[in-house]
Amino acid sequence: MAAVVCLGEALIDFVAAESGVGVGEASGFLRAPGGAPANVAVGVARLGHTSAFLGKVGDDPFGRFLERTFAGAGVDTSGMVFDPRHRTGLAFVSLAENGERDFCFFRNPSADMTYASAELDHACIQTGRIFHFGSITLIDEPARTTTLAAVATARAAGLLLSYDPNLRPPLWPSLPKARRTILSAMQHADVVKVNEEELVFLISQDGNLPTEDVSGGERDALAAKLRRKFPNIRLLAVTSGARGSSLYFGDGGQISVFGLPVEAIDTTGAGDGFTAALLVGLIENDRAVADALVVPDQNILTHILLRANLVGALTTTRKGAIPALPTSAEADAFSSA
Ligand code: ADP
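Residues numbered from 1 in each chain as written. Predicted model: local features only at pLDDT ≥ 70, side-chain atom pairs only at ≥ 80, totals over all residues. Heavy atoms only, no water.

**A few points about unusual backbone geometry**
Among all residues save glycine, negative phi is the norm, and among peptide bonds the norm is trans.
Then comes step 1: Residue asparagine 108 is joined to proline 109 through a cis peptide bond whose omega torsion reads -10°.
Then comes step 2: Here proline 109 shows up in the loop between β8 (101-106) and α3 (122-126).
Then comes step 3: Put simply, glutamate 141 and proline 142 share a cis peptide bond, and its omega is 5°.
Then comes step 4: As for its placement among the helices and strands, proline 142 is situated in the loop between β9 (130-134) and α4 (143-156).
Then comes step 5: The residue asparagine 166 is not glycine, and still its phi comes out positive at about 50°. (Helix = DSSP H or I, 4+ residues; strand = E, 2+ residues; numbered from the N terminus.)

**Regarding the sheet that holds strand β3 (residues 29-34)**
Then comes step 1: Spatially, β3-β2-β7-β8 is the arrangement adopted by the 4 strands of the open sheet, whose pairing is mixed. Whereas interior strands pair on both sides, the edge strands pair on one side only; in this sheet they are β3 and β8. Averaged over all neighbouring strand pairs, the angle between strand axes comes to 25°, with direction disregarded.
Then comes step 2: Note that strand β7 (residues 90-95) and β8 share 6 bridges and pair antiparallel. The partner of serine 94 across the bridge, within β8, is aspartate 102.
Then comes step 3: Against the sheet, helix α2 (residues 61-72) contacts β2 (11-16), β3 and β7, and its axis sits at roughly 60° relative to β3. (Pairing = 2+ DSSP bridges. Axes fitted to C-alpha atoms, helices over the stretch in contact; angles between N-to-C directions. Contact = heavy atoms within 4.5 Å.)

**A few points about the nonpolar core**
Then comes step 1: Judged by nonpolar contacts, the single largest core of 52 residues is most densely connected at Val4, Phe53, Phe70, Leu235, Leu247, Leu278 and Leu282.
Then comes step 2: Ala2, Leu167, Leu199 and Leu226 belong to the second largest nonpolar core, which has 50 residues in total. (Core = buried A, V, L, I, M, F, W, Y, C linked by side-chain atoms within 4.5 Å. Buried < 20%, exposed > 50% of the residue type's maximum accessible area, 1.4 Å probe, protein only.)

**A word on the site of the ligand**
Then comes step 1: Surveying the vicinity of the ligand reveals 17 residues, the closest of which are Lys193, Thr239, Gly241, Gly244 and Asn309.
Then comes step 2: The side chain of lysine 193 places a nitrogen or oxygen atom 2.6 Å from an oxygen atom of the ligand.
Then comes step 3: In the environment of the ligand, an oxygen atom lies 2.8 Å from a nitrogen or oxygen atom belonging to the backbone of glycine 241.
Then comes step 4: Within the complex, the protein chains bury 88% of what would otherwise be the 550 Å² of accessible surface of the ligand.
Then comes step 5: Residue assignment for the shell around the ligand shows that the elements contributing at least two residues are β11 (191-195), α8 (270-284) and α10 (298-315). (Near = heavy atom within 4 Å. Polar contact = N/O pair within 3.5 Å; in protein donor to acceptor, adjacent residues only side chain to side chain. Areas by Shrake-Rupley, 256 points an atom, 1.4 Å probe, with all protein chains shown as cover.)

See below:
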C-alpha cells in the first residue's frame, strides 16, 4: 500500500558531461534515471512516505536499471510493466551555463507510449491517498487512455488528484495541441503544480511560450484566471525557479515565498522535488487532505510551501534529479542550519 501513487513516463536522461554546449557538441553523457512522475515517487520516498510508481519501460538494461533505482529508493515498483518489443525512452540533455536545459528525445515509440489500459494496476491506485500524474503520457495512444483510466479509478476510490503538466514542447505534435490536451486534463485535478512558463503558456491570450519572466502581479492574475476556468483546482502551486514559489487556494487565498539562496548546479528535478514535498506536506497534515482543502488552513499551507520551496532548492544543489532529491533528514538539517 502506497500513500502517493505516481503514474507516467520513466526514462533515462543522458546528461552532457560538460556545461554550456548543445546536445550535439557534448563529448560524453552521464546516465541518469528520470521521468517527472517517477522523480516525484522517489522524492516522496526520500521524504519518508510510501510511494508507488506505475508506468511502462522497455524490457532492456535501461528499463531494469530504472526499476532497480526506484525500488532502491524505496518506491513500490510492483505495478511497473516491461515491454519486450519497445525500448525504454531516452532523453539527451545538455545544461547551458545558467543551468537551463536543452533536450533531444529518443522515443520512436518508446515503451512508455505503449502503456495499455489492460496493464494498469488498479488495486495499487485504489489503496493510495494521492494520485499524481503528468501530461507526457497524455500525448500518444494508448498511454493517454490508460492515464485517463487511472484518473477515473483514483477519483472513484476517493484519492486526491495531483497534476503537474510538465510541458516538454519537442514531444508534442504542436504547441496548440499541447495546450489543448494539457488544459483538458486540468478538470480532473484537485492539486495542480505548474512553473511560471507553463502558467503563461496555458492561460495567456496568445498561447505562446513566454520569452521573459512575468511580474508577481501578472503571475497572480494568471493563476486566478486558471482557477476561475477550473474551479475544481483547490490548490494551485506556481513555481518561479530561483525566485521562489506560490500557493493559491480557497476563495482568493495566496501565499508566496522567496527562493532560497543556494548554489544551483543543475535545476533538473527541482519542480519534482517541490511537488514531492508538497504532497508529503498534505499527507502529514491530515486536515489538509481530510478537508480536501475546502477550508484551507493558511498556517499549515505556509508550512507546507516553505518545505516544498526548500526541497526544490536543495534539488538544484547536486547533479541529476534522483541523486539530488533530499531525504527528510537533509531537508531538516538545511532548515536548522
Ligand atoms: P520546474 O523544475 O518545474 O521548472 P522550477 O524551476 O520553478 O520548477 O523550480 C521548482 C522550485 O525549486 C522553485 O519554486 C524553487 O522553490 C526551487 N528552485 C528552483 N531553482 C532554484 C534556484 N536556482 N535557487 C533556489 N531555489 C530554486
